[in-house]
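# Reading the structure
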Amino acid sequence: MSACHKPSSTKKDDKVSFVMALAGNANVGKSTLFNQLTGLHQHVGNWPGKTVERREGSLVVDGYAIDIIDLPGIYSLSTFSIEELISREYIVFDRPDVVINVVDASVLERNLYFTLQLLELQAPIVIALNMVDLAEDKGLSVDAKKLSELLGVPVVPTVASKGIGIYELIRQAINLAEHKIKLRPMNVTYSKDVEERIKKLMELLKDENIYYPIRFVAVKLLEGDEDIKRRVSKKVVETAEKLAKEIEEIRGIPAPIVIASERYAIIGKIIKEAQKVLAPYKIGLIEKIDQLLTHKILGYLIMVAVFFSSFYAIFTFGDYLSTILSEAFDTIKPSIISVTGEILWEGFFGGFIAGVTLLIPFVIPFYFLLSVLEDVGYLPRVAFLLDNVMHKVGLHGKAIIPLIMGYGCSVPACYACRIMETPRERLISAFAVTFIPCTARLVVIYGLVGTFVGIEWAYLLLLVNLVIVIGMAKLAFKVCPGESMGLIMEVPPLRLPALKTVLTQTWNNIKSIMYVVFPIYILGGGILAMLYSLNVLQPVEGLMAPLTVEWLGLPAYTGIPLLFGVVRKEMIIIMPAILFGTTNFELLFTPIQMITLAFVAMYYVPCVSTFMILKKEFGWKTACYIAISQLAFATFIGGLFYRALHALL
Amino acid sequence: MKNNGAEHSGPYRHRHRYRQRFGDLVSLLELKNGQKGVVVLLEGDEKVIRRLSELGIVPDTVVEVINSIPFGGPVEILVRGSKLVIGKDIAKGVLVRVESDEE
């Protein structure tokens, strides 16, 4: 069956080019390695037809042009998750010249489970034995040479975060791609009961037309792999199911678990020879801090303190920066004589200024802090602490990660919902995300309420929001059919944040927002100013008046900003600022109007980008349902809110 | 292959056999922090069991509970050198024989 290697090394610009894929578990430093290899030559997209991020980059080394594909972090090559299927199909169908298997030397045993399956898949692999420094800290020493002998593939020790071993790794990969070294991959052999049945299946599979290695297919069939089952004839599937049953009868446990156990038994033997325990495991300072962060009482107090101080820092720092920037811009305003010039200046440049003074001070600090929390490894701890709370709304702890990201931008947060295992959980969490105020809405809350009514009112809105998010998630939980799975999550070790990683991460997050937002502000501001001077918007405001003026008690001129807010929520305050030439909103709204407007802005509809993501992930129907339910909720509750404020204040 | 409703109880229809062989088993939820157990059997949804087994939670594996949240919260365990957090409903199905420290 040994499928012949396609002649993939092609000449381009006098350089030999190769394609290499990075594969491995989550949290093994794969992304760090990817960044080290490709630097800024990266392209982030999606796998065709899937909502899984596809990261691709390139590098030139020793005259070779190498394309690097960063496969998603996975623990197995079964097909329970889209990520696993994508990785498997990529390796088999696209045939990268080399698969660089990144393994965490400090959790070698668990990482080799994936490696074993790569060997079974007959992938051309080179192993990056990463985080050897961390392993040493844990008192573990891994003999790379021994490991290489046992597995029959090259093993290169690396510390990706420090750039150690990376050149050697890529050299080995090139050697393999050029067939200068030959792999002698170990045979993954199971016990007699299992092997007999694998052989039987392989015999049957001889006549099947299938692209995967036959032995891999036989093993996966015994493991009950749904995707592989679809690729073979019914007869084979039936035989496989019968054989799997026989294994279960003999062992008393189901065949997939027998196979997993035996893989771990094989790994156990490898570990015994290649890994030494130098020092007994002892609890260090970081471990002690970890215990505090996840303590059943203190952990929660710390969590509240962390989130509260983050918001406080963003608000105060944002305000400070925003004021400085506004003042700086005020001094450079030229004197303009013509009316057209005035419109252009106020519109286009006004949009630009609004973007700089409102967005940058809040968005950048948010993503910076989020990147720090991510890099430190704090988010999985929060998932641990909040698991039982999330269970009440049909989710589990991991869902807190997209929810926190929602405070930045709903778009990546909706993407992040794919870390949830089932479609139902993905939908509930994405629905909840759309109710979380993103930085655009935080700017509205802060710019209006925080600045002109009082910061305590801004916090109150955020607290009320928490209740609403929980209520809405609970509602979605009741309404959505489907299954929920519990929490199974690896907890990566806590570590000190690396400035470079944090900055790269921050930039990656804000980059797209900046590129999209500024043109919209500038164009939107200009168009709006022109339309106003032509008197075409006033009738629209008149049409919206029953809702905006009568029911919500807002000034008529909030109609158009609310319409534009569908594109970007900050437009809701940026537009009045442009139209009236002031960011002193006290002149434009009463305090109650400000609070009501901020409330409506928080919920009334997902912005266009979020809507498109929802459509992509869940289809038109669901996206429309979400938008309509939000509109109904915001207008109805907004009106009640306005009346309640009036009665109270 | 959905012709047999009796299989609903999951792939493990042999719990009694294990009980006879090993005496009383406890779930991960019943272990105190710092206590170790040897996995004897996994109960629950097939997908969940397979995910657990891929992460190294298979029969004869030593697991140590290192942290837990009361009132239906998850447990954090140390298994094969990695730390995993497992929700209550799943942890309930991981049955272990309690390991005394002297062994």
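Residues numbered from 1 in each chain as written. Chains lettered and ligands numbered in written order. Predicted model: local features only at pLDDT ≥ 70, side-chain atom pairs only at ≥ 80, totals over all residues. Heavy atoms only, no water.

### Description of helix α5 (residues 144-151) of chain A
Residues and elements named next belong to chain A. Put simply, the rule reads: The cut-offs for exposure are 20% and 50% of the maximum accessible area for each residue type, with area from a 1.4 Å probe on protein chains only; residues under the lower value are buried, those over the upper are exposed, and the others partly exposed. To qualify as a helix, a DSSP run of H or I must reach at least 4 residues; to qualify as a strand, a run of E must reach at least 2; elements of each kind are numbered from the N terminus. Starting at the helix axis, one direction is taken to each C-beta atom, and the arc is that of these directions.
Along α5, the residues that are buried comprise Ala 144, Leu 147 and Leu 151. On an axial view of α5, the arc spanned by its buried residues comes to 60°, and they lie on one face. Of the residues one or two after α5, Gly 152 is the one with positive phi, at around 75°.

### Side note on unusual backbone geometry
At A:Met131, a residue that is not glycine, the phi angle is positive and equals roughly 60°. Positive phi, normally seen in glycine, also occurs at B:Phe71, with a value near 55°. Residue placement: B:Phe71 occurs in the loop between β3 (62-68) and β4 (75-79).

### Focus: the environment of A:Asp104
Residues and elements named next belong to chain A. Put simply, the test is: We define a polar contact as two N or O atoms separated by no more than 3.5 Å, with the added condition that, inside protein, one atom must be a possible hydrogen donor and the other a possible acceptor, whereas residues neighbouring each other in sequence contribute only through side-chain atom pairs.
Checked against the element boundaries, Asp 104 lands in strand β6 (residues 98-104). When its relative accessible area of 4% is taken as the criterion, Asp 104 is described as buried. In this structure the side chain of Asp 104 is engaged in a polar contact, spanning 2.7 Å, whose partner is the side chain of Ser 106.

### Overview of empty space enclosed by the protein
Taking a probe equal in size to a water molecule and rolling it over the atoms shows the remaining empty space. Residue and element names in this part refer to chain A. Heads up, the rule is: For cavity detection a 1 Å grid was placed over the protein atoms alone, and a set of points counts as a cavity when a 1.4 Å probe fits there but cannot get out; an open set counts as a pocket when protein lies on both sides within 12 Å along at least five of seven lines, with lining residues being those that have an atom within 4 Å of a point. Grid points are joined across faces, edges and corners, and a volume is the space filled by probe spheres set on the points. Gly counts as polar in this scheme, as do all residues outside two lists: the nonpolar Ala, Val, Leu, Ile, Met, Phe, Trp, Tyr, Cys and Pro, and the charged Asp, Glu, Lys and Arg.
This structure, assessed with the given rule, holds one cavity of 30 Å³ or more. Take the lining of the largest cavity: its biggest share by element is three residues, from helix α19 (residues 439-452). Classifying every residue of the lining of the largest cavity gives eight nonpolar, four polar and three charged.

### Quick notes on the side chain of A:Asp387
Test applied: Only four residue types enter the tally: Lys and Arg on the positive side, Asp and Glu on the negative side; His and the chain ends are excluded. Here, a salt bridge means any Lys or Arg side-chain nitrogen found within 4 Å of an Asp or Glu carboxyl oxygen. It only takes one pair of heavy atoms within 4.5 Å for two residues to be counted as in contact.
Tracing the backbone through its elements, the reader meets A:Asp387 in helix α15 (residues 378-391). In this structure A:Asp387 is buried but unpaired, with B:Lys88 as the nearest side chain of opposite charge at 8.5 Å. Residues within four places of A:Asp387 in sequence aside, it is in contact with A:His396, A:Gly397, A:Leu487, B:Pro74, B:Gly87 and B:Lys88.

### With respect to the pairing of strand β2 (residues 15-24) of chain A
Taken residue by residue, a regular strand's side chains alternate between the two faces of the sheet. Residue and element names in this part refer to chain A. Quick reminder of the rule: When DSSP finds at least two bridges between two strands, those strands are taken to pair.
The buried fraction of β2 amounts to seven of the 10 residues, a majority that puts the element mostly inside the structure. With seven bridges joining them, β2 and strand β5 (residues 64-70) adopt parallel strand pairing. What sits directly across from Ser 17, in β5, is Ala 65. Examined bridge by bridge, β2 and β6 share five bridges and lie parallel to one another. Residue pairing for β6: Leu 22 is matched across the bridge by Ile 100.

### Quick word on the interface of chain B and chain A
A common way to state how big an interface is: give the accessible area lost once the parts meet. Selection criterion: Note: buried area is the sum, over both parts, of the accessible area (probe 1.4 Å) each one loses when the two are combined.
Opposite the 42 residues of chain B that make contact, chain A presents 44 residues. Approximately 3800 Å² of surface area, both sides summed, lies buried where chain B meets chain A, with 59% of it carried by carbon and sulfur atoms. It is B:Arg50, B:Glu54 and B:Arg80 in chain B that bury the most area against chain A; as a group they hold 19% of the surface buried on that side. Between B:Arg80 and A:Glu109 there is a salt bridge, with its nearest N and O atoms 2.6 Å apart. Linking chain B with chain A are 16 residue pairs in polar contact (both at pLDDT 80 or more).

### Notes on the pattern of salt bridges
Oppositely charged side chains are able to pair whenever their charged atoms sit close together. Residues and elements named next belong to chain A. By the definition in use, this model includes 39 salt bridges over all chains. The closest approach of N and O atoms between Arg 54 and Glu 56, which form a salt bridge, is 2.5 Å. Glu 196 is the salt-bridge partner of Lys 192, the closest N and O atoms lying 3.7 Å from each other. Of this pair, Lys 192 and Glu 196 both sit in helix α7 (residues 192-205), four residues apart, which is roughly one turn of the helix.

### Digging into the sheet that holds strand β5 (residues 82-86) of chain B
The pairing of strands in a sheet happens through backbone hydrogen bonds and is either parallel or antiparallel. Reading across the sheet, the seven strands line up as β11(A)-β5(B)-β4(B)-β3(B)-β2(B)-β6(B)-β1(B) and stay open at both edges, with antiparallel pairing between neighbours. Strands at the two margins of the open sheet, each flanked by one partner only, are β11 (488-490) of chain A together with β1 (26-27) of chain B.

### Comments concerning the environment of A:Val132
With respect to the element layout, A:Val132 can be found in helix α4 (residues 132-137). As a C-alpha pair, A:Val132 and A:Leu33 span 99 residues in sequence and 14 Å in three-dimensional space.

### What about the side chain of A:Lys229?
All names here are of chain A. Assignment of secondary structure puts Lys 229 in helix α9 (residues 226-231). For Lys 229, a relative accessible area of 18% puts it in the buried group. Those residues in contact with Lys 229 that lie beyond four places of it in its chain are Leu 221, Gly 224, Val 237 and Glu 241.

### Details of the packing of aromatic side chains
All names here are of chain A. To keep things clear, this is the line we draw: Only centres within 6.5 Å qualify two rings of Phe, Tyr or Trp (six-membered ring in Trp) as a pair; their planes then separate them into stacked at under 30 degrees, edge-to-face at over 60, and tilted for everything else.
Following the criterion strictly, the structure yields 22 aromatic pairs over all chains and no others. On the basis of an interplanar angle of 25° and a centroid distance of 4.5 Å, the ring pair of Phe 315 and Tyr 446 is categorised as stacked. Of this pair, Phe 315 sits in helix α13 (residues 298-331) while Tyr 446 sits in helix α19; the two residues are 131 residues apart in sequence, bridging distant segments of the chain. These aromatic residues form a ring-pair network of at least three members: Phe 308, Phe 311, Phe 315, Phe 362, Tyr 407, Tyr 446 and Tyr 459.

### Focus on a nonpolar patch on the surface
All names here are of chain A. Under the convention used in this document: Any residue with relative accessible area above 30% and no salt bridge may belong to a patch, with like charges joined within 9 Å and the nonpolar Val, Leu, Ile, Met, Phe, Trp and Tyr side chains within 5 Å. The accessible surface values rely on the Shrake-Rupley method and a 1.4 Å probe; as for residues, cover is taken only from the protein chains in view.
On the surface, Leu 292, Ile 297, Leu 298 and Leu 301 cluster together to form a nonpolar patch covering roughly 380 Å² of accessible area. Checked against the element boundaries, Leu 301 lands in helix α13. What makes Leu 301 exposed here is its relative accessible area of 55%.

### With respect to the domain arrangement of chain A
For clarity, the cut-off: Domain segmentation is taken from an automatic or database assignment of domains.
Domains assigned within chain A are domain 1 (10-177), domain 2 (192-277) and domain 3 (298-648). Here the C-alpha centre of domain 3 of chain A lies 50 Å away from the C-alpha centre of domain 2 of chain A.

### Observations concerning the packing of helix α3 (residues 108-120) of chain A against helix α11 (residues 255-274) of chain A
Residue and element names in this part refer to chain A. Selection rule: An axis is simply a line fitted to the C-alpha atoms; with a helix, the fit covers only the stretch in contact. Between two such axes, the angle follows the N-to-C directions and lies from 0 to 180 degrees. Note that the term roughly parallel is reserved for angles under 35 degrees, roughly antiparallel for angles over 145, roughly perpendicular for angles of 65 to 115, and oblique for everything else. A clockwise turn of the near helix away from the far one marks a right-handed crossing, whereas an anticlockwise turn of less than a right angle marks a left-handed crossing.
Interaxial distance between α3 and α11 falls to 9 Å at its minimum, and their mutual angle equals 110°. Taken as axis vectors, α3 and α11 run roughly perpendicular relative to one another. The element α3 and its partner α11 pack so that their crossing is right-handed. Side by side, α3 and α11 meet where Leu 108, Glu 109, Arg 110, Leu 112, Tyr 113, Leu 116, Gln 117 and Glu 120 of the first sit next to Ala 260, Arg 263, Tyr 264, Ile 266, Ile 267, Ile 270 and Ile 271 of the second.

### As for the confidence of the model for chain B
This is how the line gets drawn: Every residue is assigned a pLDDT by the predictor, reflecting its confidence on a scale from 0 to 100.
Confidence in the prediction of chain B, expressed as mean pLDDT, is 81, and 75% of residues score 70 or more. For residues 1-13 of chain B, every residue scores under 50 in pLDDT, and the model assigns this stretch 14 contacts once sequence neighbours within four places are set aside.

### Here we look at the nonpolar core
One recurring pattern in soluble globular proteins: nonpolar side chains tend to sit buried together. Rules: Throughout this description, the term nonpolar core refers to a set of buried Ala, Val, Leu, Ile, Met, Phe, Trp, Tyr and Cys residues connected via side-chain atoms within 4.5 Å.
Of all hydrophobic cores here, the largest spans 117 residues; its most connected members are A:Ile400, A:Leu448 and A:Leu461. The leading source of residues in this core is helix α25 (residues 591-603) of chain A, at 10 residues. Residues in contact with A:Leu461, not counting those within four places in the same chain, are A:Ile445, A:Val449, A:Ile595, A:Ala598, A:Phe599, A:Met602 and A:Phe641. In terms of nonpolar packing, the next biggest core, distinct from the first, is built from 73 residues, A:Leu116, A:Ile127, A:Ile267 and B:Val58 among them.

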